[in-house]
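Topology and contacts: notes
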Amino acid sequence: MTTYYEAEAPPDGRPPLDPAVALLQGPYPPQEQPEAASRFTPGAAFFHDVPDAPPAVWGAGSEVLWAEGEALLIAAPQGVGKTTLAHQIIRARIGLQEDVLGFPVTPGRRVLLLAMDRPSQTRRAGHRIFGRDDPAYLNEHLIVWQGPPPFDLAQRTDILAAMCDRAGADTVVIDSLKDAAVGLSEDQVGAGYNRARQKALANGVQVLELHHLIKRGPNGAAPNTMADIYGSTWITSGAGSVILLWGEAGDPIVSFRHLKQPMDEVGPFHLSHDHAAGLTTVSHAVDLLALVRATGARGLTAAEAAQAIFETKKATRPQKEKARRRLERLTESGALLRIPAADPGGSTTYRLAAPEFP
């Protein structure tokens, strides 16, 4: 269906219409209606026809790293591997590999990569990942824009969707946000960029964004909250999923935190970058079944699981609740048994459903 963007005239020379008039009066033939008119949805269809888990671009079941129709934001300091990770997601999205970090990626049609942040360096980094792939296939399924966009995306909120439409892309990767809009620390700019993002999503484009962090957390600690991501709150508020990578530039091992989730939290875990091969894998993740097995007849509590998962000596209440949910999912699957505490105020423990102890 033909889409007319703001301030754009129909192809036969008729004057552009006020968007509100176009929506409410529908002056053009049905095949030429503005795309926004199709967004009216009956209430029951909108609220009742909802899947148990969102369809995933990246992920499966309740472990969704990138949900369809919701932007994924990957934030990290310079040199920690966010572009390397994004290139692997692109490669999977265009059907050249099945998964990234062990989680499946749903193939799309074509990816538009906005290589705005040091495109020459992005090109060298991507050569390690795409250099052995068929050139004709890449040309068909991947298109790259080099350098800044033609307009500031926060000021011209129609441009991102228009660029994707012009490229014939159903997926856009923005590397990076600081080059897409100037002044991202200002709420007006952040809100403007979010509007551009939402217009692209409404047009059926899946959006992946790369972004930066503040230098460090309080007292020099590693950042671990969305407040540690640079810029206006509307940048993270408008994203459906937020991933944080942390480490020093060039580190082969970096940490992975899923700060905002469409469903269940994935990780945390450590990633291993093979820079020569352009491959990233999970190098360490807590295996709760192995942890329960190690406790034998005593069983494992949610607090103990949280300490292992989040690598802390004193787990917070939210961390304990996240660990409890994971243990409950294993219980519902039949892998574990829930053993209520014998004494009031005691902790529930979890044991293997098929005990391996005397």
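Residues numbered from 1 in each chain as written. Predicted model: local features only at pLDDT ≥ 70, side-chain atom pairs only at ≥ 80, totals over all residues. Heavy atoms only, no water.

1. Observations regarding the sheet that holds strand 16 (residues 349-352)
One open sheet accounts for three strands, arranged 14-16-15; its pairing is antiparallel. Across the chains shown, the open sheet's two edge strands, defined by having one partner strand only, are strand 14 (300-301) and strand 15 (336-339). In this structure, strand 15 lies alongside strand 16, joined through four bridges in antiparallel fashion. Each residue of the ladder has a partner; that of arginine 338, found in strand 16, is tyrosine 350. Along the sheet face, helix 12 (residues 317-332) touches strand 14, strand 15 and strand 16 and points at about 120° away from the line of strand 15. (Pairing = 2+ DSSP bridges. Helix = DSSP H or I, 4+ residues; strand = E, 2+ residues; numbered from the N terminus. Contact = heavy atoms within 4.5 Å. Axes fitted to C-alpha atoms, helices over the stretch in contact; angles between N-to-C directions.)

2. With respect to the packing of helix 10 (residues 288-295) against helix 12
Between helix 10 and helix 12, the shortest axis-to-axis distance is 11 Å and the interhelical angle comes to 85°. One finds that helix 10 runs roughly perpendicular with respect to helix 12. Contacts between helix 10 and helix 12 involve Leu288, Leu289 and Val292 from the first element and Arg326, Leu327 and Leu330 from the second. Tallied by class, the residues present in the contact of helix 10 with helix 12 amount to five nonpolar, no polar and one charged. (Parallel < 35°, antiparallel > 145°, perpendicular 65-115°, else oblique. Nonpolar A, V, L, I, M, F, W, Y, C, P; charged D, E, K, R; others polar.)

3. Observations concerning the sheet that holds strand 7 (residues 142-146)
Strand order in the open sheet formed by nine strands is 7-6-8-9-3-10-11-12-13, with mixed pairing between adjacent strands. Both outer strands of the open sheet, strand 7 and strand 13 (279-284), are each paired with one neighbouring strand and no more. For this sheet the average axis-to-axis angle between neighbouring strands, irrespective of direction, equals 25°. Of the pairings in the sheet, the one linking strand 11 (residues 253-260) to strand 12 (residues 269-274) comprises four bridges and is antiparallel in character. Within the sheet, the bridge partner assigned to phenylalanine 256 lies in strand 12 and is phenylalanine 269. Here helix 4 (residues 119-130) sits on the sheet in contact with strand 6 (111-115), strand 7 and strand 8 (171-175), set at roughly 140° to strand 6.

4. Examining the confidence of the model for the protein
Should pLDDT be low for a region, the predicted coordinates there are not to be read in detail. Of all residues in the protein, 86% have pLDDT values of 70 or greater, and the mean over the chain is 86. Within the protein, helix 1 (residues 19-25) has the poorest average pLDDT of any element, 48, and strand 9 (residues 206-211) the best, 98. Below pLDDT 50 for its whole length, residues 1-7 participates in 20 contacts with residues either more than four positions away or in separate chains. Considering only residues more than four positions removed or in separate chains, one finds that residues 23-34, a stretch of pLDDT under 50, has 24 contacts. (pLDDT = per-residue confidence, 0-100.)

5. Considerations on the environment of alanine 53
Of note, alanine 53 is situated in the loop between helix 2 (43-48) and strand 1 (56-60). Note: C-alpha distance between alanine 53 and aspartate 264 (211 residues apart in sequence) is 9.7 Å. Each residue touching alanine 53, except ones within four places of it in the same chain, is listed here: Gly61 and Met263.

6. A short note on the pairing of strand 13
Of the strand pairs in this sheet, strand 12 and strand 13 are connected by five bridges, and their pairing is antiparallel. What sits directly across from histidine 270, in strand 13, is histidine 284. The antiparallel hairpin formed by strand 12 and strand 13 contains four residues in its connecting segment, where glycine 278 sits at a positive phi of about 70°.

7. A short note on the side chain of glutamate 328
Following the sequence through the fold, glutamate 328 ends up in helix 12. Look past the residues within four positions of glutamate 328 in its chain and what remains in contact with it is Arg338 and Tyr350.

8. Let's talk about the pattern of salt bridges
One pass over the full model with this rule turns up 13 salt bridges. The partner of arginine 298 in a salt bridge is glutamate 304, and the shortest N-O contact between them spans 2.9 Å. The network of salt bridges with shared partners includes Asp117, Arg118, Lys178 and Asp179. (Salt bridge = Lys/Arg side-chain N within 4 Å of Asp/Glu carboxyl O.)

9. A closer look at unusual backbone geometry
Residue serine 176 is bonded to the preceding aspartate 175 through a cis peptide linkage, with omega at 0°. Counting through the fold element by element, serine 176 comes out in the loop between strand 8 and helix 7 (177-180). Residue glycine 267 is joined to proline 268 through a cis peptide bond whose omega torsion reads 0°. Along the chain, proline 268 falls in the loop between strand 11 and strand 12. A positive phi angle is found at leucine 101, which is not glycine, with a value near 60°. Note on placement: leucine 101 falls in the loop between strand 4 (99-100) and strand 5 (103-104). With a phi close to 50°, arginine 118 is a non-glycine residue in the positive phi region. Mapped onto the elements of the fold, arginine 118 is located in the loop between strand 6 and helix 4.

10. Let's talk about the side chain of glutamate 209
In this fold, glutamate 209 is placed in strand 9. Overall, glutamate 209 belongs to the buried group, its relative accessible area being 0%. In this view, glutamate 209 contacts Ala71, Leu72, Leu73, Ile74, Ile174, Leu177, Tyr193 and Arg197; residues no more than four positions away in its chain are not counted. (Buried < 20%, exposed > 50% of the residue type's maximum accessible area, 1.4 Å probe, protein only.)

11. Details of the packing of aromatic side chains
Here the structure, examined in full by the defined rule, presents two aromatic pairs. Geometrically, the ring pair formed by phenylalanine 46 and phenylalanine 47 is edge-to-face, given 4.8 Å between the ring centres and 90° between the ring planes. Here the two residues phenylalanine 46 and phenylalanine 47 agree in accessibility, since each one is exposed. Between the aromatic rings of phenylalanine 256 and phenylalanine 269, the centroid separation amounts to 4.6 Å while the plane-to-plane angle is 25°, which identifies the pairing as stacked. Pair noted here: phenylalanine 256 is in strand 11 and phenylalanine 269 is in strand 12, with a separation of 13 residues, a long-range link. Here phenylalanine 256 and phenylalanine 269 have matching classes, each one buried. Cation over ring: arginine 156 sits above phenylalanine 151, and NZ or CZ is 4.8 Å from the ring centre. (Phe/Tyr/Trp six-rings, centres within 6.5 Å; stacked < 30°, edge-to-face > 60°. Lys NZ or Arg CZ within 6 Å of the ring centre and 35° of its normal.)

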